[in-house]
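Report on the structure
One-letter residues, chain by chain:
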Number of protein chains: 2
Amino acid sequence: MIEQRQLDEAIELGRAQALSCAGLDYSRLLEPVAGYPRSSVVLPDRSVVPGYPSIGRIQSLEAGLPRQFQGPFWAEEKIDGFNVRILRRNGSIYAFSRGGYVCAFSTDRAPDFIDPAVFDAEPDLVLCAEIAGPDTPYLEGSTPRVEHDVALFVFDLMRLGQPGFLNQADKFALCDHHGLPPAPIHGRFGPDDTEALAKLILRLDAEGAEGLVLKTDDGRDRAKYVTGGSCITDIRACAEQLLDLPPQYFTNRLTRLAIFLAEHPEMDRDATEQALGRAFLAGLDEAVGKSREHGRVDHRYRCRFRERASAQRFIEHMRSTGGRHVRIGNDMPRPEGDYWLLEFERLFDHMTGTLSSALAGDQQYD
Amino acid sequence: MIEQRQLDEAIELGRAQALSCAGLDYSRLLEPVAGYPRSSVVLPDRSVVPGYPSIGRIQSLEAGLPRQFQGPFWAEEKIDGFNVRILRRNGSIYAFSRGGYVCAFSTDRAPDFIDPAVFDAEPDLVLCAEIAGPDTPYLEGSTPRVEHDVALFVFDLMRLGQPGFLNQADKFALCDHHGLPPAPIHGRFGPDDTEALAKLILRLDAEGAEGLVLKTDDGRDRAKYVTGGSCITDIRACAEQLLDLPPQYFTNRLTRLAIFLAEHPEMDRDATEQALGRAFLAGLDEAVGKSREHGRVDHRYRCRFRERASAQRFIEHMRSTGGRHVRIGNDMPRPEGDYWLLEFERLFDHMTGTLSSALAGDQQYD
């Protein structure tokens, strides 16, 4: 709960932003306010959905497990998607993005995966979930865990007005009872179980999965640990925007992959090298091809909405916030079966400029 | 020539820096002054050695040749080393680095490659040359053109007090007459000779060479064009400092390689992917190995001096300017044959910090 005076002052000072979407007036915190972190959401009754906290990453099982955990922990699968917080207000379900906006897409699609009855029984529940799959408006890549469209995986539960997350036992029980789709659980381990976890992560790697989030029973201590392959998958998905993403996107993944290889010498090194080189060059090759063909390097996204109004809300949001140049056709959204299909393109400015200048034969100074 | 008043004012304003080395008082320009570019060198008589101008890069032969050249041009080999400007003053030879410092190493070694008699005949001559090889104090990689130690390749000539470079004919004649070692010449071409140049660049690529600098007869219009392999070689040499170099070092080379592959489809794509992946991972693997072994990621350089005093001047210069952390043993330099050997290490701060924290099992937030 935040006081009205504090909220007004935060808005005044540009530390919070008052917004309205789909009948809900809310504010998102742009900086920490009254003890709540950035990206927290303030609801009309001034109850607060805390910003979802970053989970620290370990890069070595052998050193990281004993350093981060004193007792047993659960190994949950980390799904490669985007993070939302879902709740019900005034009879409607809302999903908030990591940044604290109502996400028109997730808000529209959540009922496909969640029985709203859960909020009859647990009105103060907040579901923290990953939305993943080939058809999202945000992600270039997908996950082998979702073949078509999108799916939703609940990985944490919160209660409005109560700090922290529900413990694992309560989370499992509630998911089970209300048929909430959980992130896959791969067992319970201890800080000495380096070998068992190494075996598990290599299996996940072979399956193309992203990795694990390790969590203690009380849900308080947590760490993530990802597969080497996920570094390559990310590079492959984003190489066509090589000059538009922060370069750390790539250098972090390269470093992570090297540490992963050093800790898992049983990995096929030749195949990994080949896959890494291919990841960069296949993505860049697409960019060069697009630049040659139509002078632009862009990426096409597609996603489906249940309601036409949701798609229109999403389009408005893109137009008002779109830091990255978005091009949406006038014929969008258009009906596809029971859904409304939205396709649009994001332009990668730097790739477009650099490649078109290079391919035109300009001189470049670097 | 620059006026004393202009020079004094530039020093006063921090646009030039007054220096002294090996008996020579000189200034280097930190910014353009009196029409001279940054990195120009002002000699005691206020004559000026202009900063060596950047040469623009073309990334496509087909588009770049007709765009950059109206008539014939020479294809000179670009040697992967570092650029110096060499002249004689008060009976001594001095070599200035790209940044405009007297380079104690190049100044010491120049007489191994250049007959000082050239300056008896041509006292106002300035030689622009690349110094390359496995034993330099600056470079992590080397060139297949130099097997041992270092060598020197003259690629341009200037005359003090005269703007621009000597034309190609005069350059060839003077090099020939005075036995100056030239950068290899691979022929004369025209803007339509895309195919012949493509054949040449692929041969150079196969030989592990860096690429070409294309220059018109009058030496005025110029462009560089490098091999795909040189991008991979650079990445291999510098991957162990992945987090310490500007990330553009890597992203530029990746983009360049992709464009090269697109323009030369006869390249072996699989082999290139493998080599690229290996370049990143082999370098990073060395970094991980060094971090595990002695908690530091560093690189060992070795170079040889004719004079002990030169090595000591070089050490002083490193200590006074060394932005990158340099560790030089107290036993350096030590005699090796007719030379004085200097070995030292540069520490890569970010790699050292990131890897030691990751390998210790710390949590990282990215």
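Note that the coordinates shown come from a computational prediction; the quantities given were computed from them, not determined experimentally.

In this section: the packing of helix H7 (residues 228-238) of chain B against helix H8 (residues 248-263) of chain B. Residue and element names in this part refer to chain B. Packing of H7 against H8 leaves a shortest axis separation of 8 Å and a crossing angle of 155 degrees. By the angle between their directions, the pair H7 and H8 is classed as roughly antiparallel. Pair H7 / H8 crosses with left-handed handedness. Residues Gly-228, Cys-231, Ile-232, Asp-234, Ile-235 and Cys-238 of H7 form the contact with H8, whose participating residues are Tyr-249, Phe-250, Arg-253, Leu-254, Arg-256, Leu-257 and Phe-260.

Note that the two copies of the chain are related through a rotation about an axis and a translation along the same axis. Least-squares fitting of chain B to chain A yields an RMSD of 0.0 Å, with the transformation described by 0.0 Å of translation along the axis and a rotation of 180 degrees. The operation mapping one copy onto its partner corresponds to a two-fold rotation axis. Comparing interface residues between copies, 100% of those in chain B also sit at the interface in chain A, which points to an isologous, same-surface contact.

Residue and element names in this part refer to chain B. Mapped onto the elements, Val-48 comes out in strand E4 (residues 48-49). Residue class for Val-48 comes out buried when judged on its relative accessible area of 4%. Put simply, Val-48 and Gln-363 are 315 residues apart on the chain and 54 Å apart in space, counted from C-alpha to C-alpha. Here Val-48 is in contact with Met-1, Ile-2, Tyr-36, Ser-40, Val-41, Val-42 and Leu-160, once residues within four sequence places are set aside.

Residue and element names in this part refer to chain A. Position of Arg-304 among the secondary structure elements: in strand E13 (residues 298-305). The class for Arg-304 is buried, based on a relative accessible area of 18%. Setting aside anything within four residues of it in sequence, one finds Arg-304 in contact with Phe-105, Arg-109, Asp-149, Glu-336, Tyr-339, Trp-340 and Leu-341.

Residue and element names in this part refer to chain A. Looking at chain A, the domain boundaries give domain 1 (1-51), domain 2 (55-78 + 190-226) and domain 3 (230-294). Each partner contributes residues to the interface: domain 2 has 13 residues there, and domain 3 has nine residues. Where domain 2 abuts domain 3, roughly 970 Å² becomes buried across the two surfaces, and 54% of that area is made up of carbon and sulfur atoms. It is Gln-59, Leu-202 and Val-226 in domain 2 that bury the most area against domain 3; as a group they hold 48% of the surface buried on that side. For the pair domain 2 and domain 3, the number of links is zero salt bridges. Linking domain 2 to domain 3 there are five residue pairs in polar contact (both at pLDDT 80 or more). For the side of domain 2 that touches domain 3, the secondary-structure elements that each account for two or more residues are helix H2 (61-68), helix H6 (194-207) and strand E12 (222-226). Considering every element that reaches the side of domain 2 that touches domain 3, the biggest residue donor is H6, with four residues.

What holds strands together in a sheet is hydrogen bonding between their backbones, with the strands either parallel or antiparallel. All names here are of chain A. With antiparallel pairing, four strands are arranged side by side in an open sheet as E1-E2-E3-E4. Among the strands making up the open sheet, the edge pair consists of strand E1 (16-21) and strand E4 (48-49). Bridging between E1 and strand E2 (residues 24-29) involves six bridges; their strand directions are antiparallel. Bridge pairing in E2 links Leu-19 to Tyr-26.

Turning to the interface of chain B and chain A, a few remarks are in order. The partner chain A presents 53 residues to the 53 residues of chain B that form the contact. Sorting the residues of chain B by area buried against chain A places Glu-273, Leu-281 and Gln-363 of chain B first, and these three jointly supply 13% of that buried surface. Run the count over chain B and chain A and you get 12 salt bridges. Asp-285 of chain A is paired through a salt bridge with Arg-269 of chain B; the nearest N and O atoms lie 3.9 Å apart. If you look at where chain B meets chain A, you find 26 residue pairs in polar contact (both at pLDDT 80 or more). Contributions of two or more residues to the side of chain B that touches chain A are made by helix H2 (61-68), strand E12 (222-226), H8, helix H9 (269-294) and helix H11 (349-359) of chain B. Tallying contributions element by element places H9 of chain B first for the side of chain B that touches chain A, with 15 residues. Residue classes in the side of chain B that touches chain A are distributed as 24 nonpolar, 16 polar and 13 charged.

Applying the stated rule across the entire model yields 29 aromatic pairs over all chains. Aromatic pair Phe-82 of chain A and Tyr-138 of chain A: ring centres 4.7 Å apart, planes at 85 degrees, arrangement edge-to-face. Pair noted here: Phe-82 of chain A is in strand E6 (residues 82-89) and Tyr-138 of chain A is in the loop between strand E8 (125-132) and strand E9 (151-159), with a separation of 56 residues, a long-range link. Residue Phe-82 of chain A is classed as buried on the basis of its relative accessible area of 11%. Aromatic side chains Tyr-301 of chain B and Phe-344 of chain B sit 5.3 Å apart centroid to centroid with 10 degrees between the ring planes, which places their arrangement in the stacked category.

Let us now look at the sheet that holds strand E7 (residues 92-97) of chain B. Residue and element names in this part refer to chain B. Taken together, four strands build an open sheet; the order of strands is E7-E6-E8-E9 and the sheet is antiparallel. A strand with exactly one partner marks an edge of an open sheet, and here the two such strands are E7 and strand E9 (151-159). The average angle at which neighbouring strand axes cross in this sheet is 30 degrees, direction not considered. Bridge analysis of strand E8 (residues 125-132) against E9 gives eight bridges, and the strand direction is antiparallel. For Cys-128, the partnering residue across the bridge sits in E9 and is Asp-156. Packed onto the sheet, helix H5 (residues 168-178) meets E8 and E9 and runs at close to 130 degrees relative to E9.

Glancing now at helix H10 (residues 308-321) of chain B. Residue and element names in this part refer to chain B. In this model H10 runs 20 Å from its N-terminal to its C-terminal C-alpha over 14 residues, within 8% of the 20 Å that 1.5 Å per residue would give. Taken residue by residue, H10 has Ser-310, Ala-311, Phe-314, Ile-315, His-317 and Met-318 as its buried positions. Each buried residue of H10 sits inside an arc of 160 degrees when the element is viewed along its axis, so together they form one side. Turned more than 90 degrees away from the buried face of H10, the exposed residues are Glu-316, Arg-319 and Ser-320. Against the buried residues of H10 lie helix H3 (104-109), strand E13 (298-305), strand E14 (326-328) and strand E16 (339-347).

Cut-offs used in this document
Residues numbered from 1 in each chain as written. Chains lettered and ligands numbered in written order. Predicted model: local features only at pLDDT ≥ 70, side-chain atom pairs only at ≥ 80, totals over all residues. Heavy atoms only, no water. Axes fitted to C-alpha atoms, helices over the stretch in contact; angles between N-to-C directions. Helix = DSSP H or I, 4+ residues; strand = E, 2+ residues; numbered from the N terminus. Parallel < 35°, antiparallel > 145°, perpendicular 65-115°, else oblique. Left-handed = near helix turned anticlockwise from the far one by under 90°. Contact = heavy atoms within 4.5 Å. Least-squares fit on C-alpha atoms with pLDDT ≥ 70 in both. Buried < 20%, exposed > 50% of the residue type's maximum accessible area, 1.4 Å probe, protein only. Domains from an automatic or database assignment. Buried area = accessible area lost by both parts, 1.4 Å probe. Salt bridge = Lys/Arg side-chain N within 4 Å of Asp/Glu carboxyl O. Polar contact = N/O pair within 3.5 Å; in protein donor to acceptor, adjacent residues only side chain to side chain. Pairing = 2+ DSSP bridges. Nonpolar A, V, L, I, M, F, W, Y, C, P; charged D, E, K, R; others polar. Phe/Tyr/Trp six-rings, centres within 6.5 Å; stacked < 30°, edge-to-face > 60°. Expected span 1.5 Å × (residues − 1). Arc of directions from axis to C-beta.

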